[in-house]
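Chain and residue survey
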Amino acid sequence: MERIAALEGLGRARAENQTEEDLNQPPEFLSSIEDLMLAENSLAHFETRLTPINDPSMKVEWFHNGKMLSAGSRIKTINDFGFVILEVANVLARDSGNYTCKAINRHGESSVSCQVQVKGRQNIVTDPQLPKSFQTGTDSIHNLEERMWKREDISYEEMESKAPVFVTTPHDVTCYEGQAAHFDCRIEPIGDGSMRVEWYHDDKPIQIGSRIHTINDFGFVVLDIDWTFKRDAGVYKCIAMNKCGKAEITVNLTCKSKKDIIIDSQLPQGMSMDRLKELEARKAEAALEEESEITVPKFITQIKSRAVAEGEPAHFECRVEPKNDPKL
């Protein structure tokens, strides 16, 4: 606010001290515009001073590469008290070039220019994005990736003259029904277009489906069974063939079946066999009582006399047979 007040005061003082001779002069820029080198999305600020001040016929225009600039959401212009300002927000690479400020009045015109260079950011980030503590291991990561995906440089003649060879062998698997089974091995030569890999179970071709999957890529051969049954047990054979010959390897799968008959106690915790027998005996007694004959009513216990104070409840009870007579 102090800066604005000072500028306003300076403008008023010059306007008061300005003579008619001053107003009848052509435009003159008192300072030049500096060249700028900016990064994308930064602010471009141009500022200069112009005389005569308060000339009603004075007209100030800005040009970018010869095309007039219009004020908008990114571009703002100021022309007051002899100060001429242009601001371009969020500059882009296309904003680079020549900027010219032209002042025109009844007695002539004047202009000043500058150059602006906007450096564009990389669209593809090539610098490592690892944490600082891991940046020293970038070369190691590259080496590991190259080893994983690198194909051996084998000429066509060499490839044709080499028969399949299993570099690693799969391991035998033992599992329970319902569990997954996984077999993998490596084979050479890699990248042989004539190579064909087949899997057999007990000398019968395996049918690939939703439960059984195979992979053969970059020399890696995989057989996956998502869930197993008892019938999946047996000998699995992998055969690799090309124009020069074939190789085969076998592996065993043992699939243990779960118990079909449960012989363990399924009683709730704390419930013993004696307690269960007792409950069943009571149930049998109740059934016998239901089957007994209906006889003449008979009181088994008598009503006892009671002495109670006035206002207190009085309770009497007795037992009667037969129990299961609905007409009693």
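So, here is what we can say about the structure in this document.

Reading the values: the criteria
- Residues numbered from 1 in each chain as written.
- Predicted model: local features only at pLDDT ≥ 70, side-chain atom pairs only at ≥ 80, totals over all residues.
- Heavy atoms only, no water.
- Pairing = 2+ DSSP bridges.
- Helix = DSSP H or I, 4+ residues; strand = E, 2+ residues; numbered from the N terminus.
- Buried < 20%, exposed > 50% of the residue type's maximum accessible area, 1.4 Å probe, protein only.

Notes on the sheet that holds strand β1 (residues 28-29)
One open sheet holds the 4 strands; their spatial order is β1-β3-β7-β6, and the pairing between them is antiparallel. Looking at which strands have only one partner, the edges of the open sheet turn out to be β1 and β6 (75-80). In the sheet, β6 pairs with strand β7 (residues 83-88) via 6 bridges, with the strands oriented antiparallel. Counterpart to isoleucine 78 in the pairing with β7 is isoleucine 85.

Side note on the pairing of strand β12 (residues 181-188)
Relative to β12, strand β10 (residues 165-166) runs antiparallel, the two being bridged by 2 bridges. Bridge assignment links phenylalanine 166 to a residue of β12, and that residue is isoleucine 187. As defined by bridge partners, β12 adjoins strand β16 (residues 220-225) across 6 bridges and the pair is classed as antiparallel. Bridge pairing in β16 links aspartate 184 to valine 222.

Considerations on unusual backbone geometry
Most peptide bonds are trans, and most residues other than glycine sit at a negative phi. Of note, the amide linkage connecting threonine 51 to proline 52 takes the cis form, showing an omega dihedral of 0 degrees. Looking at where proline 52 falls in the secondary structure, it is placed in the loop between β3 (44-51) and β4 (59-64). Geometrically, the link from glutamate 321 to proline 322 is a cis peptide bond, its omega value of 0 degrees lying close to zero. Along the chain, proline 322 falls in the segment after β20 (320-321). A positive phi angle, near 55 degrees, is found at asparagine 65, a position not held by glycine. Relative accessible area serves as the criterion here: at 46%, asparagine 65 is assigned to the partly exposed category. At asparagine 90, a position not held by glycine, the phi torsion is positive, near 50 degrees. With a relative accessible area of 42%, asparagine 90 lands in the partly exposed category.

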